[in-house]
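Residue-level structural notes
Chain by chain, the residues run as shown.
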Amino acid sequence: MIPALVNNPLFREITPERLFADLEEISFHTRSYKKGEILAQQGAVCNRLVILTKGSVRGEMIDYSGRLIKVEDIAAPRAIAPLFLFGEENRYPVEVTANEPTEVIELPKSSVLSLFRKNEQFLENYMNLSANYARTLADKLFFMSFKTIRQKLASYLLRMLKQQGDSPIQLDRSQQELADYFGVSRPSLARELAHMQDDGLIKTDRKLVHILRKEDMMQLIQ
């Protein structure tokens, strides 16, 4: 079990010896899930920290119209929704389902609090991961504010251009990952990329994208 946790970002810079000693003093248990089994229901109280040690899960959200929206895939060795363990409304924002045979370690909230007191590095790692998760959620909300896939793509590509400094830009996600990030289907995303290329806005070469008409792209999101 210890080797499975050492590579987890929550335990970065914590020696296996220290981790073993800390875990000896708290309550936790392991659990296995088959493909398709639900780990957590959307809206259920989040009262434990679930850390993937093997396999992967997907987070899906049911909107008010009953439509199922895939939010993200989470693979070992990440934790599931650490940001939602605390707060007055500490409930899972999504339904979590195993993509494949998956193994987890579950720590009750009381055990997490105990680790905070025992190990300052664990507390710092937890806070950093929670901040990163919050930023990712903010990004998703930002892209959801755009009505069309073209607007979402224009905003994303311009952001990547700003980060990388020059065109062509190197995409940091596959088409499927990007579609999940925007909350759209992969075929719809692929079609819009092709349309933008036909319209002379961009030129694509696998994961490389040349921005050909930056000003027109900026007009799309204003």
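Since the structure is predicted, the reported quantities are computational estimates derived from the model, not experimental observations.

1. Some remarks on helix α3 (residues 109–118)
By the burial criterion, the buried members of α3 are Ser111, Val112, Ser114, Leu115 and Phe116. Elements in contact with the buried residues of α3: α2 (16–23), β3 (48–54), β8 (102–108) and α4 (120–144).

2. What about the environment of valine 96?
Within the secondary structure, valine 96 sits in strand β7 (residues 95–98). Relative accessible area serves as the criterion here: at 3%, valine 96 is assigned to the buried category. The residues contacting valine 96, other than those within four sequence positions of it, are Glu37, Ile38, Leu39, Ala40, Val57, Arg58 and Ile80.

3. A short note on the packing of aromatic side chains
The full count for this structure, using the stated rule, is 8 aromatic pairs. Ring plane angle 80° and centroid distance 5.2 Å describe the contact between phenylalanine 116 and tyrosine 126, whose orientation is recorded as edge-to-face. Of this pair, phenylalanine 116 sits in helix α3 while tyrosine 126 sits in helix α4, and the two are 10 residues apart along the sequence. When its relative accessible area of 15% is taken as the criterion, phenylalanine 116 is described as buried.

What counts and how
- Residues numbered from 1 in each chain as written.
- Predicted model: local features only at pLDDT ≥ 70, side-chain atom pairs only at ≥ 80, totals over all residues.
- Heavy atoms only, no water.
- Buried < 20%, exposed > 50% of the residue type's maximum accessible area, 1.4 Å probe, protein only.
- Helix = DSSP H or I, 4+ residues; strand = E, 2+ residues; numbered from the N terminus.
- Contact = heavy atoms within 4.5 Å.
- Phe/Tyr/Trp six-rings, centres within 6.5 Å; stacked < 30°, edge-to-face > 60°.

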